[in-house]
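Spelled out, the chains give:
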Amino acid sequence: MSIQYEAPLADSYGVADSFPKDFGYGEEEGDIEDSPTPSDSKPRILLMGLRRSGKSSIQKVVFHKMSPNETLFLESTNKIYKDDISSSSFVNFQIWDFPGQVDFFDPTFDYEMIFRGTGALIFVIDAQDDYVEALGRLHLTVSRAYRVNPEINFEVFIHKVDGLSDDHKIETQRDIHQRANDDLADASLEKLHLSFYLTSIYDHSIFEAFSKVVQKLIPQLPTLENLLNIFISNSGIEKAFLFDVVSKIYIATDSSPVDMQSYELCCDMIDVVIDVSCIYGLKEDGSGSAYDKESMAIIKLNNTTVLYLKEVTKFLALVCILREESFERKGLIDYNFHCFRKAIHEVFEVGVSTSRTSNQPAGTPLMKTVALNGTPRSTV
Ligand SMILES: Nc1nc2c(ncn2[C@@H]2O[C@H](COP(=O)(O)OP(=O)(O)OP(=O)(O)O)[C@@H](O)[C@H]2O)c(=O)[nH]1
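Thresholds, definitions, all that
Residues numbered from 1 in each chain as written. Predicted model: local features only at pLDDT ≥ 70, side-chain atom pairs only at ≥ 80, totals over all residues. Heavy atoms only, no water. Helix = DSSP H or I, 4+ residues; strand = E, 2+ residues; numbered from the N terminus. Buried < 20%, exposed > 50% of the residue type's maximum accessible area, 1.4 Å probe, protein only. Contact = heavy atoms within 4.5 Å. Areas by Shrake-Rupley, 256 points an atom, 1.4 Å probe, with all protein chains shown as cover. Pairing = 2+ DSSP bridges. Domains from an automatic or database assignment. Salt bridge = Lys/Arg side-chain N within 4 Å of Asp/Glu carboxyl O. Lys, Arg positive; Asp, Glu negative; His and termini not counted. Polar contact = N/O pair within 3.5 Å; in protein donor to acceptor, adjacent residues only side chain to side chain. pLDDT = per-residue confidence, 0-100. Near = heavy atom within 4 Å. Expected span 1.5 Å × (residues − 1). Arc of directions from axis to C-beta. Core = buried A, V, L, I, M, F, W, Y, C linked by side-chain atoms within 4.5 Å.

## Looking at the overall build of the protein
At step 1: Broken down by element type, the protein carries nine helices and 15 strands.
At step 2: Residues counted as buried form 53% of the 380 residues belonging to the protein.
At step 3: For the protein, long-range pairs separated by at least 24 residues make up 73% of all intrachain contacts whose partners lie at least 6 apart in sequence.
At step 4: Accessible area of the protein: about 16,900 Å², with a carbon and sulfur share of 50%.

## Considering the pairing of strand E14 (residues 316–323)
At step 1: Among the eight residues in E14, seven count as buried, and that is most of the element.
At step 2: By the bridge criterion, six bridges tie strand E10 (residues 239–244) to E14 in an arrangement that is antiparallel. Paired with Phe 241 across the strands is Val 319, a residue of E14.
At step 3: Between strand E13 (residues 305–311) and E14, which pair antiparallel in sequence order, lie four residues.

## Brief notes about the domain arrangement of the protein
At step 1: By domain assignment, the protein separates into domain 1 (44–217) and domain 2 (220–354).
At step 2: Taken together, the contacts link 17 residues of domain 1 with 19 residues of domain 2.
At step 3: A salt bridge links Lys 65 to Asp 271; the shortest N-O distance between them is 3.0 Å.
At step 4: Of all the secondary structure elements, the ones that give two or more residues to the side of domain 1 that touches domain 2 are helix H1 (55–64) and helix H5 (205–215).

## Details of the side chain of Lys 55
At step 1: One can find Lys 55 in helix H1.
At step 2: The side chain of Lys 55 sits in the buried core without any salt bridge; Asp 97 is the nearest counter-charge, 5.4 Å away.
At step 3: From its side chain, Lys 55 meets the backbone oxygen of Leu 50 in a polar contact 2.8 Å long.
At step 4: Look past the residues within four positions of Lys 55 in its chain and what remains in contact with it is Leu 47, Met 48, Gly 49, Leu 50, Asp 97, Phe 98, Pro 99, Gly 100 and Val 124.

## Here we look at the confidence of the model for the protein
At step 1: Taken residue by residue, the protein gives an average pLDDT of 79. The fraction at 70 or more is 78%.
At step 2: Segment residues 1–39: pLDDT under 50, and 116 contacts once partners within four positions in sequence are set aside and those in other chains are kept.
At step 3: Note that pLDDT drops below 50 for residues 358–371; the model gives that stretch 27 contacts with residues more than four away or on any other chain.
At step 4: Under the prediction, the complex receives an ipTM of 0.98, its pTM being 0.80.

## Some remarks on the site of the ligand
At step 1: Of all residues adjacent to the ligand, which total 20 residues, the nearest are Ser 56, Ser 57, Ser 76, Thr 77 and Asp 162.
At step 2: Within the backbone of Leu 72, one N or O atom sits 3.5 Å away from an oxygen atom of the ligand.
At step 3: Ser 76 has a polar side-chain atom sitting 2.4 Å from an oxygen atom of the ligand.
At step 4: Here the shell around the ligand takes three residues from H1, the largest share from any one element.

## Structural notes on helix H4 (residues 166–186)
Note that an α-helix has 3.6 residues per turn; residues three or four places apart therefore point the same way.
At step 1: Compared with the 30 Å implied by 1.5 Å per residue over 21 residues, the 30 Å span of H4 between its first and last C-alpha is a close match.
At step 2: Those residues of H4 that sit buried are Thr 172, Asp 175, Ile 176, Ala 180 and Leu 184. Projected onto a plane normal to the axis of H4, the buried residues spread over an arc of 160 degrees and lie on a single side. Exposed residues on H4 whose side chains face more than 90 degrees from its buried face are Asp 166, Asp 167, Ile 170 and Asp 186.
At step 3: On its buried face, H4 sits against strand E7 (118–126), helix H3 (132–148), strand E8 (153–159) and strand E9 (194–198).
At step 4: In the stretch just after H4, Ser 188 is the one whose phi turns positive, near 55 degrees.

## Some details on the environment of Asn 336
At step 1: Tracing the chain through its elements places Asn 336 in helix H9 (residues 330–358).
At step 2: The spacing of Asn 336 and Phe 231 is 105 residues in sequence and 6.4 Å in space, taken between C-alpha atoms.
At step 3: When residues no more than four places from it in sequence are discounted, the contact partners of Asn 336 are Phe 231, Asn 234 and Ser 235.
At step 4: Here the side chain of Asn 336 touches Ser 235 through a polar contact of 3.0 Å, side chain to side chain.

## Examining the nonpolar core
At step 1: In terms of nonpolar packing, the biggest core is built from 72 residues, with Phe 210, Leu 242, Leu 318 and Phe 340 touching the most fellow members.
At step 2: Here this core spans two domains, and each of domain 1 (44–217) and domain 2 (220–354) adds at least three residues to it.
At step 3: Beyond its immediate stretch of four places on either side in the chain, Phe 340 contacts Leu 227, Leu 228, Phe 231, Leu 242, Val 312 and Leu 318.
At step 4: Among the nonpolar cores identified, the runner-up in size contains 35 residues, and Ile 80, Tyr 146, Val 156 and Leu 184 belong to it.

## Here's the deal with the pattern of salt bridges
At step 1: Following the criterion strictly, the structure yields 14 salt bridges and no others.
At step 2: Across the pair Lys 160 and Asp 126 runs a salt bridge whose closest N-O atoms are separated by 3.1 Å. One end of the pair, Lys 160, is in the loop between E8 and H4; the other, Asp 126, is in strand E7, and 34 residues separate them in sequence.
At step 3: Asp 126 gets classed as buried once you look at its relative accessible area, which sits at 15%.
At step 4: Its salt-bridge partner being Glu 311, residue Arg 341 comes within 2.8 Å of it at the nearest N-O pair. Residue Arg 341 is found in helix H9, and its partner Glu 311 is found in strand E13; the two are separated by 30 residues along the sequence.
At step 5: In the salt-bridge network here, residues are joined through shared partners; they are Lys 65, Lys 248 and Asp 271.

Take a look at the structure:
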């Protein structure tokens, strides 16, 4: 495998510094009784579930680069932990990690305020444990949330499936799916839709699941997919992912099916690029940026496949998978990429100006939409 790598020019952006281990995400902690601050009005993704189901581990692994083994030492969360990831990620939202023992009947717990500004509620179920209690909790949580805000996307992570055989995984998913939907039907809540994902922090399944959760909150998704389809069909590319570089969530891909191996390869490529860039791309005094306008990389695999990464915006990278023969027309690909990049910038400039003028209050359907850090201009 050969790697052709161009170190980025330092300081092209002057905003994003080099990526430290947790990428310098802003972090906030707060009690649920806190009065809402401006950042509280950002759309949220809630992480809920029983104690020790793996909520904090998911948040740390996906957004703070924690290695899965380190999560063994995480302490139990005992108050709501708000994580504002907008400063270094494309997706401008807050993740709220709840302690396992949230009590909806506690009068100090203002769940209406919380659910009103929520885009997605992720309920984590430990698949290695007996899940009967978790299913009861899931039902209570989603039915409450739905009554307050029916626009929320309800996502169920059947988590820690690394410990299960393939047959057992399928059987567990079927059983949880069946029981959860039966409970909803008994409560006449058939309209409440639950989506299920098999996840583990020990492989890429957690990133894939989070990608799908986030994609549902991106209003421009059909446009992005369309642009990717046009780009790959005119450039002889087999598969292309638009990645949020920091989290390795893919925010869009073309309409051909995603296979896990391709996604993993692309994630690994981002790691290689950022790691090499952090070591060799910065100035001697450590200043500069590990990811900027000049960031690009080409990796040729020994099976005639080429991986091609290019910067799209401060937070986004396009990673393409193509055959070596197609890569001979690199000039064409680069020209098409130039047009694609321009289109993406235009999409988000429109998105940003629309969201600035709309001035929608919290709790309206637009809050379901995640605000986006699409282009450098959008992060004022
Ligand atoms: N095998 C396996 N273990 C996991 C996975 N995710 C988390 N864990 C482990 O589960 C344990 C509990 O994880 P936490 O992230 O602290 O759980 P939590 O839901 O935040 O717990 P509370 O803060 O008490 O609500 C830790 O020991 C993790 O290492 C996974 O995908 N697979």
